[in-house]
Amino acid sequence: MRLEKCWFCSSTIYPGHGIQFVRNDAKIFRFCRSKCHKNFKMKRNPRKVKWTKAYRRLHGKDMTQDSTFEFERKRNRPQRYDRINTEKVLQAIPKISKVKATREKAHITKRLSVGKINRKKGDRRELEQSISLVKAPSVLKEDATLTLPKQKVTVSYAQTENTPMEE
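Sequence positions are assigned chain by chain, starting from 1 and proceeding in written order. Confidence filtering applies because this is a predicted model: local features only for residues at pLDDT of at least 70, side-chain atom pairs given and counted only at 80 or more, and all residues used for totals across whole chains, interfaces and linings. In computing side-chain values, all of the structure's heavy atoms are included and hydrogens and water are not.

### Some words on the side chain of Asn39
Part 1 of the reasoning: Helix and strand definitions follow DSSP, with helices as H or I runs of at least four residues and strands as E runs of at least two, each counted in order from the N terminus. Along the chain, Asn39 turns up in helix 1 (residues 34–41).
Part 2 of the reasoning: On the basis of relative accessible area, Asn39 is assigned to the buried category, the value being 6%.
Part 3 of the reasoning: Here Asn39 is in contact with Phe8, Arg44 and Trp51, once residues within four sequence places are set aside. Residue burial is assigned from relative accessible area. The probe radius is 1.4 Å, only protein chains are included, and a residue is buried under 20% of its type maximum, exposed over 50%, and partly exposed in between. By definition, residues are in contact when any of their heavy atoms lie within 4.5 Å.

### Examining the pairing of strand 4 (residues 28–31)
Part 1 of the reasoning: Going residue by residue along strand 4, you find Phe29 and Phe31 tucked away on one face and Ile28 and Arg30 left uncovered on the opposite face.
Part 2 of the reasoning: Sheet topology places strand 3 (residues 19–22) next to strand 4; 4 bridges connect them, and they run antiparallel. Bridge pairing links Gln20 to Arg30 in strand 4. Here, a strand pair is defined by DSSP locating no fewer than two bridges between the strands.

### A look at the UniProt feature "domain: TRASH" (unreviewed entry) in the protein chain
Part 1 of the reasoning: Taking the UniProt record as the reference, the feature "domain: TRASH" (unreviewed entry) is found at residues 6–44.
Part 2 of the reasoning: End C-alpha atoms of residues 6–44 are separated by 15 Å, and the span's content is 21% helix alongside 26% strand. UniProt positions are given in the numbering used here, feature names are shortened, and annotations may be inferred rather than shown by experiment.

### A closer look at the pattern of salt bridges
Part 1 of the reasoning: Salt bridge, as used here: a side-chain nitrogen of Lys or Arg that lies within 4 Å of a carboxyl oxygen of Asp or Glu. Overall, the coordinates contain 4 salt bridges when judged by the stated rule.
Part 2 of the reasoning: Glu4 is the salt-bridge partner of Arg2, the closest N and O atoms lying 3.7 Å from each other.
Part 3 of the reasoning: A relative accessible area of 18% places Glu4 in the buried class.
Part 4 of the reasoning: Between Arg23 and Asp25 there is a salt bridge, and its shortest N-O distance comes to 3.1 Å.
Part 5 of the reasoning: Using a relative accessible area of 52% as the deciding quantity, one classes Asp25 as exposed.
Part 6 of the reasoning: Here the salt bridges do not stand alone but share partners, grouping Arg2, Glu4 and Arg30 into one network.

### Description of the packing of aromatic side chains
Part 1 of the reasoning: Ring pairs are drawn from Phe, Tyr and Trp, using the six-membered ring of Trp, whenever the two centres fall within 6.5 Å, and their geometry is named by plane angle: stacked under 30 degrees, edge-to-face over 60, tilted for the rest. Under the counting rule described, the total for this entry stands at 7 aromatic pairs.
Part 2 of the reasoning: Their ring planes at 45 degrees and their centres at 5.7 Å tell us that Phe8 and Trp51 sit as a pair that is tilted. Taken together, the residues Phe8 in the loop between strand 1 (4–5) and strand 2 (12–13) and Trp51 in the loop between helix 1 and helix 2 (53–58) connect sequence positions 43 residues apart.
Part 3 of the reasoning: Of the residues examined, Phe8 reaches a relative accessible area of 1% and is grouped as buried.
Part 4 of the reasoning: Here Trp51 falls in the partly exposed class, since its relative accessible area comes to 32%.
Part 5 of the reasoning: Directly above the aromatic system of Phe29 lies the positively charged group of Lys27, at a separation of 4.9 Å from the ring centroid. Any Lys NZ or Arg CZ found within 6 Å of a ring centre and within 35 degrees of that ring's normal is scored as a charge over the ring.

Put into structure tokens, the structure is as follows:
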């Protein structure tokens, strides 16, 4: 069973699924669903469409270089069947998938830590600007540096005419 990759979004295409488009120069494009096919016909760049693998890799949202990807790489050269080697590979698959999962988790936490730091900076800045909302009024009375200087404002009242409302 041969699993293909979608040309547009890089998702897996199982046998009997998807659309195949052959250009005049005999280049074959495989698409997993009509969404990808329509975007291809509209001449959209997969690197600029946010839901594609190409966009996620280009903008650092997915891991791009890791030694575990070497095992999933497509190989066109046939290899001679070796029973011992096949057994070793089958035993190594769970270990490799575990290593890959831990590396992906580390990549995600590293990516999210930048946003966490920025959120903390923003919160700290907001707290500095509106400290009077957080501090108790008694503390503000004791420490004059925490309050703004008071300003006198004159209020003038305008005379209003007493005109009855028209009905």
